[in-house]
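Read off the chains here:
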Amino acid sequence: MLKRMKDMKDMVDAAPGMVEQAQQLGAQAQQMAAAQQAAAQARMAQAQQMGQFGGLPAAQPGVAPTGPDFDPIAGVSLEEFAAVSKGVAAYNYDQAKLPGIAASRGIPAFNWDEATKGWNGRIQASPAVAQRFNQLYRES
């Protein structure tokens, strides 16, 4: 019984040191998180200046990129694809509504199906196409 009381006294005596150590660890964790966030922000700023992928120049606002990756697929431009894709938000992102939204913009269902497959493939394969799609999606 006396040994238990001595152990309890030792534990109470050690508690302030343990609390201080925990506070120091917490402060270190916060400093590390802040440093990681600052580094990530610096990388993002650099990526925006250099272009996000492979040193490509960053997309210029209002200037549509050119090249075969940006040619329309089944008559559907990347701008139209982004606008239709964003239009599904009004239907709680119900993918079944996409052909109807496309049709309301004059895009036949067959063309929309082909364009969806093609644009999704290009977006996955080309960082520049993905970047432009994201920009158009935010703007539409």
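Everything below is about the structure shown above.
Structural notes, computed from the coordinates. Remember, it's a predicted structure, so these values are computed and weren't measured experimentally.

All right, on to helix H5 (residues 127–139) then. If you check H5, its first and last C-alpha atoms are 18 Å apart, about what 13 residues at 1.5 Å a residue would give, namely 18 Å. Here H5 has its buried residues at Val129, Ala130, Arg132, Phe133, Gln135 and Leu136. Buried residues belonging to H5 abut helix H2 (78–87) and helix H4 (109–125).

On to H4, then. What sets the pattern is the α-helix's 3.6 residues per turn: residues three or four places apart point alike. With 17 residues, H4 extends 24 Å between its outermost C-alpha atoms, agreeing within 8% with the 24 Å of an ideal straight helix rising 1.5 Å per residue. Buried within H4 are the following residues: Trp112, Ala115, Thr116, Trp119 and Ile123. Mapping the buried residues of H4 onto a view down its axis gives an arc of 110 degrees, with all of them on the same face. Every exposed residue of H4 that faces more than 90 degrees away from the buried side is listed here: Phe110, Lys117, Gln124 and Ala125. On its buried side, H4 packs onto H2, helix H3 (98–104) and H5.

Another point: the packing of H2 against H5. Where H2 meets H5, the axes come as close as 9 Å, and the angle between the chain directions of the two elements is 55 degrees. Classified by the angle between their axes, H2 and H5 sit oblique to one another. For H2 against H5, the interelement crossing comes out right-handed. Only Val129, Arg132, Phe133, Leu136, Tyr137 and Arg138 of H5 make contact with H2, whose side of the interface consists of Leu78, Glu79, Phe81, Ala82, Ser85 and Lys86. Taken together, the residues of the contact of H2 with H5 sort by class into 7 nonpolar, 1 polar and 4 charged.

This brings us to the pattern of salt bridges. Tallying each qualifying case throughout the model produces 2 salt bridges. Between Asp113 and Lys117 there is a salt bridge, and its shortest N-O distance comes to 3.3 Å. Of this pair, Asp113 and Lys117 both sit in helix H4, separated by 4 residues, roughly a single helical turn. Exposure remark for Lys117: the relative accessible area of 59% places this residue in the exposed category.

Before going further, it helps to examine the packing of aromatic side chains. Evaluated as defined, the whole model comprises 4 aromatic pairs. Relative to Tyr137, the ring of Phe133 has its centre 5.8 Å away and its plane inclined at 40 degrees; by these criteria the two rings are tilted. Within this pair, Phe133 and its partner Tyr137 are both found in helix H5, separated by 4 residues, close to a single helical turn. Since its relative accessible area comes to 25%, Tyr137 is described here as partly exposed. Three or more aromatic residues joined by ring pairs form one cluster here, namely Phe81, Trp112, Trp119, Phe133 and Tyr137. When the ring centre of Tyr137 is taken as origin, the NZ or CZ atom of Lys86, which lies over that ring, is 5.4 Å away. Across from the ring centre of Trp119, 4.8 Å away, lies the NZ or CZ of Arg122, which sits over that ring.

Conventions we followed
- Residues numbered from 1 in each chain as written.
- Predicted model: local features only at pLDDT ≥ 70, side-chain atom pairs only at ≥ 80, totals over all residues.
- Heavy atoms only, no water.
- Helix = DSSP H or I, 4+ residues; strand = E, 2+ residues; numbered from the N terminus.
- Expected span 1.5 Å × (residues − 1).
- Buried < 20%, exposed > 50% of the residue type's maximum accessible area, 1.4 Å probe, protein only.
- Contact = heavy atoms within 4.5 Å.
- Arc of directions from axis to C-beta.
- Axes fitted to C-alpha atoms, helices over the stretch in contact; angles between N-to-C directions.
- Parallel < 35°, antiparallel > 145°, perpendicular 65-115°, else oblique.
- Left-handed = near helix turned anticlockwise from the far one by under 90°.
- Nonpolar A, V, L, I, M, F, W, Y, C, P; charged D, E, K, R; others polar.
- Salt bridge = Lys/Arg side-chain N within 4 Å of Asp/Glu carboxyl O.
- Phe/Tyr/Trp six-rings, centres within 6.5 Å; stacked < 30°, edge-to-face > 60°.
- Lys NZ or Arg CZ within 6 Å of the ring centre and 35° of its normal.

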